[in-house]
Amino acid sequence: MTTSKLTLISHPLCPFVQRAAIVLLEKGVSFDRIDVDLADKPDWFLALSPTGKVPLLKVERADDRDATLFESMVICEYLEETQGGARLYSEDALSRAQQRAWIEYGTATLAEAWQFLNAKDRATADAKRAAFRNRLERLEDVRDRGPYFSGSTFSMVDAVFAPLFRYFDLINPTVTQMIFQGLPRVSALALRASVVAAVGRDYGRRFKQHLAEQQAILAD
């Protein structure tokens, strides 16, 4: 277990940032957080981020050999390997590999959800909603009994999928029902304390403002 000072460099709406924040919170790790404006990226941020994206995790060490990590799953796996608290990967190699495979699936599922939420016309929205729903049905089929992917234990897979569900508390409930009806287990993540705390109190306002700026049909 490391004792490095950790700073999460983030954007208030980014679901990939939320993955890292959820893992930090699940492990009870103290960390600072700095938000950046991705529409006007400061020079210090561009100097740290080779991709120009968030999240970044700045790791300040006692020997002054500080480091900055990028890519959300790299950050999450570093935290799993170096921090105490709850273990988020299985100890079994096969189960751990299956978890990582579903994490990849989660990234593609997020893309479908984001394209649906930001759709500017009905045809695109309907197609993306159907694709997103199909992905959730596959996930529901493989989940063990219990509220989480591995049953009663919150795992890294849950940390990856959880940010998806926050969006849908903020849009028309009729639309949300169409997507999640009959999928009780995949929609249970939004209430977990770490998921709630992974974003700021103004998250809802910011997200609705984002939809309006994108002229998404769900902004109506």
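Whatever comes next refers back to the structure up there.
What counts and how
Here, residues in each chain are numbered from 1, in the same order as that chain's written sequence. Local features are withheld for residues below a pLDDT of 70 in this predicted model, meaning they are given only at 70 or higher, and side-chain atom pairs are given and counted only at 80 or more; totals for whole chains, interfaces and linings count all residues. Note that the side-chain values use all heavy atoms of the structure and ignore hydrogens as well as water. Numbering of helices and strands runs from the N terminus; a helix is a DSSP stretch of H or I covering at least four residues, while a strand is a stretch of E covering at least two. Any pair of residues with heavy atoms lying within 4.5 Å of one another is described as a contacting pair. Only protein chains enter the accessibility calculation, which uses a 1.4 Å probe; a residue whose area is less than 20% of its type maximum is buried, one above 50% is exposed, and one in between is partly exposed. Counted as salt bridges are all cases of a side-chain nitrogen of Lys or Arg within 4 Å of a carboxyl oxygen of Asp or Glu.

A. How the structure looks around the environment of arginine 138. With respect to the helices and strands, the residue arginine 138 is situated in helix α5 (residues 122-142). Apart from residues no more than four positions distant in its own chain, arginine 138 is found in contact with Trp102 and Tyr105.

B. Structural detail: the environment of leucine 56. Tracing the backbone shows leucine 56 in strand β3 (residues 56-60). Taking the relative accessible area as the measure of exposure, leucine 56 reaches 0% and is therefore buried. As for leucine 56 and leucine 69, which are separated by 13 residues in sequence, their C-alpha atoms are 5.6 Å apart. The contact partners of leucine 56, leaving out residues within four places of it in the chain, are Thr7, Leu8, Ile9, Phe45, Leu48, Ser49, Thr68, Leu69, Phe70 and Ile75.

C. Focus on the pattern of salt bridges. Per the counting criterion, the structure on display carries ten salt bridges. Two residues, aspartate 32 and lysine 5, come together in a salt bridge whose shortest N-O distance is 3.5 Å. Taken together, the residues span a long stretch of sequence, with aspartate 32 in strand β2 (residues 32-35) and lysine 5 in strand β1 (residues 5-10) at a distance of 27 residues. Look at lysine 5 and you get partly exposed, because its relative accessible area is 45%. The partner of arginine 206 in a salt bridge is aspartate 202, with the nearest N and O atoms 2.8 Å apart. On the accessibility criterion, aspartate 202 (30% relative accessible area) is partly exposed. The network of salt bridges with shared partners includes Lys27, Glu80 and Arg87.

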